[in-house]
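Fold and geometry: a report
Residue strings, one per chain:
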Amino acid sequence: MGAGALIQDAEVPNPDRQRWLALVEKALAGGSFEEKLVSQTDDAIRIEPLYDRSVTAEPLARANPRSPWIVSQRIDDPDIGRAKAQALQDVAQGATGLSLVFEGAPNAFGYGLPRTAEALETVLDGVPLNRIQVRIDAHPWSRAVADWLVAFLTKRRSDPAKLNLSFGIDPAAIFAGTGRLRMSIEALQASMPQSLAHFFSMGVPGVLLEADGRVFHNAGATEAQELGTMMASAVSYLRMFEEARQPLVYAAPHIGFALSVDQDQFLSMAKVRALRRLWARVQEACSISASTANIHAETSFRMMTSADPETNILRTAIAGFAAAAGGADSVSILPHTIAHGLPAGFARRVARNTQLIMANESHIDHVADPACGSGAVEALTADLCEVAWEEFQRIEAEGGVLSSLQQGHIQKRVQAASARRNAAYRAGKRAIIGTTLYPSKTERPVETLVAERRPAVTESVAVCEPLFPIRIDQSIGAAP
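Residues numbered from 1 in each chain as written. Predicted model: local features only at pLDDT ≥ 70, side-chain atom pairs only at ≥ 80, totals over all residues. Heavy atoms only, no water.

**A short note on the sheet that holds strand β6 (residues 164–169)**
Strands sit in the order β3-β4-β5-β6-β8-β9-β10-β11 around a closed barrel of eight strands; the barrel is parallel. The sheet shows a mean angle of 30° between the axes of neighbouring strands, direction not considered. With four bridges connecting them, strand β3 (residues 70–75) and strand β4 (residues 97–100) associate as parallel partners. When the bridges of β4 are listed, arginine 74 appears paired with serine 99. Here helix α13 (residues 311–326) sits on the sheet and contacts β9 (255–261), β10 (294–299) and β11 (330–332); the angle it forms with β10, its principal contact strand, is near 170°. (Pairing = 2+ DSSP bridges. Helix = DSSP H or I, 4+ residues; strand = E, 2+ residues; numbered from the N terminus. Axes fitted to C-alpha atoms, helices over the stretch in contact; angles between N-to-C directions. Contact = heavy atoms within 4.5 Å.)

Now the structure itself:
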């Protein structure tokens, strides 16, 4: 072998990195590089202190990258009159979407609109539906609410083809979040195809089925566990579409996703981006042309604190930015007082205006996928995809998402992840600003609305161990 070949095959170290490593070693003064500068996510994904730029990365854009993401406001007040006023005010003040959260929903956190057609019609009366996305948050009676919504649109003579709708039907999230299904898994799987075929025959657009990861996140799941469970739910829907004899290439766009984003900005950005890649990979495996994932992001409930609640504004602002920069199609920010009860007008206004400032003053939407090419975010995205795919395959081997939940497999993994995270907080390896670090020495009154908590779901045929939402400050005993 000639000298030229030897030189060509030799790996030439990056001189800039070598100089940087020499400076780091000097600054650490004998300290461990691994211990001081390398960290890990809850999924044991390694995070380096410095990355090279990724020059081969392809941008992952939203479904409609030429316009801002949808600013979605939660409507979850049990008082229908107040809920109607909130909806009209939110739309008048700039919200471009409404998330209707009904009682009994895992994401209602004890409140929610009354489960009646009257409540739905009252809240939407006067709302310009042709300019607003209406999404029904996943809950045990989503199928009935879908019928109410279609009937309401017919009464108003609204053309569904011109509307942006999401019906939020997600059996897996309901089973996990309540521990109950109103029919057996077998009966559900047998009846859903006929129900879906009925929707298709009416020509109703938008998201029919939603893979909702928020239930799992708020119960303590890691990022990969949340993504893997969502993929398992979405694949189960594809199987249902096949049973309904609907071509998957037409059915796939009717599947949407909802996930949580938290104060870890880069990891949350990577999670949204990873979801897009995973969904494209699933469609590729099904031999259909990939449709862009429709992603709704909501700020994490588990990261919210009751002590010094104003610090929640900072957390939700970071999480909302991560969702927007990561490419979510719609974003909902939880009001900062939600740990104390049903949020009042000021907290709702702060949540709404946070997004409006990002869109209308900071113009975050002007760049499609701003993280594209970032060595750190691209590496996190790729690693999350790999670990989430392993979780997805694990759930499939357990018989699918509903069977895995019924047997308690997913719950055990989520609970183990939550326990490891809580131990890190108790040991001081992690901190919560305003709660475990720099706690506020004075308590201030927090304004909330007077509202009774709604009863939990009791109707059931199939049961499993529920995954209830719990804040980290509660689980480590730091909440006052």
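**Points about unusual backbone geometry**
Even without being glycine, alanine 44 reaches a positive phi, approximately 65°. Along the chain, alanine 44 falls in the loop between β1 (39–40) and β2 (46–47). One non-glycine residue with positive phi stands out, namely phenylalanine 109, at about 55°.

**Describing the pattern of salt bridges**
Applying the stated criterion across every chain yields a total of 30 salt bridges. Two residues, arginine 214 and aspartate 137, come together in a salt bridge whose shortest N-O distance is 3.1 Å. Of this pair, arginine 214 sits in helix α9 (residues 214–218) while aspartate 137 sits in the loop between β5 (133–136) and α6 (142–155), and the two are 77 residues apart along the sequence. A residue is classified by how much of its surface remains accessible, and arginine 214, at 1% relative accessible area, is buried. Take aspartate 137: its relative accessible area is 1%, and that puts it in the buried class. (Salt bridge = Lys/Arg side-chain N within 4 Å of Asp/Glu carboxyl O. Buried < 20%, exposed > 50% of the residue type's maximum accessible area, 1.4 Å probe, protein only.)

**Section: the packing of α13 against helix α14 (residues 345–360)**
It is at 10 Å that the axes of α13 and α14 come closest, and there the two elements cross at 40°. The orientation of α13 relative to α14 falls into the category oblique. Seen from above, α13 lies across α14 with right-handed handedness. Contact residues: Ile313, Ala317, Gly320 and Phe321 in α13; Val350, Thr354 and Met358 in α14. Of the residues contributing to the contact of α13 with α14, the split by class is five nonpolar, two polar and no charged. (Parallel < 35°, antiparallel > 145°, perpendicular 65-115°, else oblique. Left-handed = near helix turned anticlockwise from the far one by under 90°. Nonpolar A, V, L, I, M, F, W, Y, C, P; charged D, E, K, R; others polar.)

**Section: the confidence of the model for the protein**
Averaged over the protein, the pLDDT score is 91; the fraction of residues at 70 or greater is 97%. In the model, residues 1–10 has pLDDT below 50 throughout and makes two contacts with residues more than four positions away in sequence or in other chains. (pLDDT = per-residue confidence, 0-100.)

**Description of the environment of alanine 328**
Looking at the element boundaries, alanine 328 is found in the loop between α13 and β11. Note on alanine 328: relative accessible area 0%, which makes it buried. Separated by 260 residues in the primary sequence, alanine 328 and proline 68 have C-alpha atoms spaced 10.0 Å apart. Beyond its immediate stretch of four places on either side in the chain, alanine 328 contacts Arg62, Trp69, Val272, Ile295, Ala297 and Ala323.

**A word on a nonpolar patch on the surface**
A cluster of nonpolar residues, Ile433, Leu437 and Tyr438, forms a patch on the protein surface that exposes about 320 Å² of accessible area. Mapping tyrosine 438 onto the fold places it in the loop between α17 (409–426) and β13 (448–449). In this structure tyrosine 438 comes out as exposed when scored by relative accessible area, which is 65%. (Patch = residues over 30% accessible without salt bridge, like charges linked within 9 Å, V, L, I, M, F, W, Y side chains within 5 Å. Areas by Shrake-Rupley, 256 points an atom, 1.4 Å probe, with all protein chains shown as cover.)

**Some thoughts on the nonpolar core**
Core analysis: the biggest nonpolar cluster contains 114 residues, and Leu98, Leu100, Leu124, Phe167, Phe257, Leu259 and Trp279 have the highest contact counts within it. Here this core takes 11 residues from helix α10 (residues 223–243), the largest share from any one element. Ignoring anything within four residues of it in the chain, the contact list for phenylalanine 257 reads Glu210, Ala211, Met230, Met231, Ala234, Leu275, Trp279, Ala293, Asn294, Ile295 and His296. (Core = buried A, V, L, I, M, F, W, Y, C linked by side-chain atoms within 4.5 Å.)

**Some thoughts on the packing of aromatic side chains**
This model, assessed by the stated rule, comprises four aromatic pairs. Ring centres of tryptophan 20 and phenylalanine 33 lie 6.4 Å apart, and the angle between their planes is 85°; this geometry places the pair in the edge-to-face category. Taken together, the residues tryptophan 20 in helix α2 (residues 15–28) and phenylalanine 33 in helix α3 (residues 33–37) connect sequence positions 13 residues apart. Overall, tryptophan 20 belongs to the partly exposed group, its relative accessible area being 24%. Taking relative accessible area as the criterion, phenylalanine 33 reaches 22% and is therefore assigned partly exposed. Taking the centre distance of 5.2 Å and the plane angle of 70° together, the rings of phenylalanine 257 and tryptophan 279 count as edge-to-face. Taken together, the residues phenylalanine 257 in strand β9 and tryptophan 279 in helix α12 (residues 265–285) connect sequence positions 22 residues apart. (Phe/Tyr/Trp six-rings, centres within 6.5 Å; stacked < 30°, edge-to-face > 60°.)

**A closer look at the state of the cysteines**
By the definition in use, this model includes zero disulfides. Unpaired in terms of disulfides, cysteine 385 finds its nearest cysteine sulfur in cysteine 372, a separation of 14 Å. The exposure class assigned to cysteine 385 is buried, which follows from its relative accessible area of 13%. (Disulfide = S-S within 2.5 Å.)

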